[in-house]
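Overview (structure and organization)
Listed below are the residues making up each chain.
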Amino acid sequence: MKGSMHRGSRDDRRRLLATPVPTESVDDGGFTIIEDVRVSAAVRADFDNAVRMMQEERYREGIELLERVTAEAPDVTAAHIDLGIAYRKVGSLEQAEASLQRALALNPRHPVVHNELGMLYRKSGRFDEARASYEQALALQTAFHYARRNLAILCDVYLADLSCALEHYEVYIEAVPDDDEAAMWVADIRSRVNQ
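Overview of the structure. Only a predicted model underlies this, so the values are computations on that prediction, with no experimental measurement involved.

What counts as what
Residues numbered from 1 in each chain as written. Predicted model: local features only at pLDDT ≥ 70, side-chain atom pairs only at ≥ 80, totals over all residues. Heavy atoms only, no water. Axes fitted to C-alpha atoms, helices over the stretch in contact; angles between N-to-C directions. Helix = DSSP H or I, 4+ residues; strand = E, 2+ residues; numbered from the N terminus. Left-handed = near helix turned anticlockwise from the far one by under 90°. Contact = heavy atoms within 4.5 Å. Nonpolar A, V, L, I, M, F, W, Y, C, P; charged D, E, K, R; others polar. Buried < 20%, exposed > 50% of the residue type's maximum accessible area, 1.4 Å probe, protein only. Disulfide = S-S within 2.5 Å.

Another aspect to go through is the packing of helix 7 (residues 145-158) against helix 9 (residues 180-193). Their axes nearest at 12 Å, the elements helix 7 and helix 9 cross at an angle of 35°. Where helix 7 crosses over helix 9, the two elements pack in a sense that is left-handed. On the side of helix 7, the interface is formed by Arg149, Ile153 and Asp156, while helix 9 contributes Glu181, Trp185, Ile189 and Arg192. Its residues assigned to classes, the contact of helix 7 with helix 9 comprises three nonpolar, no polar and four charged.

And the structure:
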């Protein structure tokens, strides 16, 4: 995975590799994270196959491969992130958190780890921790619109903090102007605030 580069986009965000998170903004509001690690061809193939399985929503099969990858290459942050995502998708929240905490220990400045922890915390009802995680992701990478959207949803639906929700939805819509659903949410919040 030497010199691997992945953009923070919807399709490949799970494949982000980082240490110590050198980032650069790109035109579409995403960012690139580079991780310089050396792994065998077999580990790289397992990782690529696991990512493909996750994209196909074959999470249990992906978990099996990612467990092997993390055992053989324990310092690959992206593998721990992906394993945490897969565990969350199958409802194994304790294992998801353990994987994400391992990724965080490897790289505490990785915005994707903080965003994924935020989603996990929200799912388990730990809303204050979720908010702190999303805010940390945004402190590390302000262009990370997925964390921005997740924070807006948390503030709107779970915390009833309409000013927070509106602020983050508006910034998110600037980055993703074609998200009609978010535009409807903004209109809804504005109508509630003006009542």
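Another aspect to go through is unusual backbone geometry. Positive phi is not limited to glycine here, since Glu57 has a value of about 60°. Note that Glu57 resides in the loop between helix 1 (41-55) and helix 2 (59-72). According to the relative accessible area criterion, Glu57 is exposed, its value standing at 58%. Positive phi, normally seen in glycine, also occurs at Ala160, with a value near 55°. Along the polypeptide, Ala160 turns up in the loop between helix 7 and helix 8 (162-175).

Under the defined criterion, the tally for this structure stands at one disulfide. Here Cys155 is linked by a disulfide to Cys164, with a sulfur-sulfur distance of 2.1 Å. One quick way to see it: the torsion about the S-S bond of Cys155 and Cys164 is about 50°, and its sign makes the bridge right-handed. Assessed through its relative accessible area of 0%, Cys155 is described here as buried. By relative accessible area, Cys164 is classed as buried at 5%.

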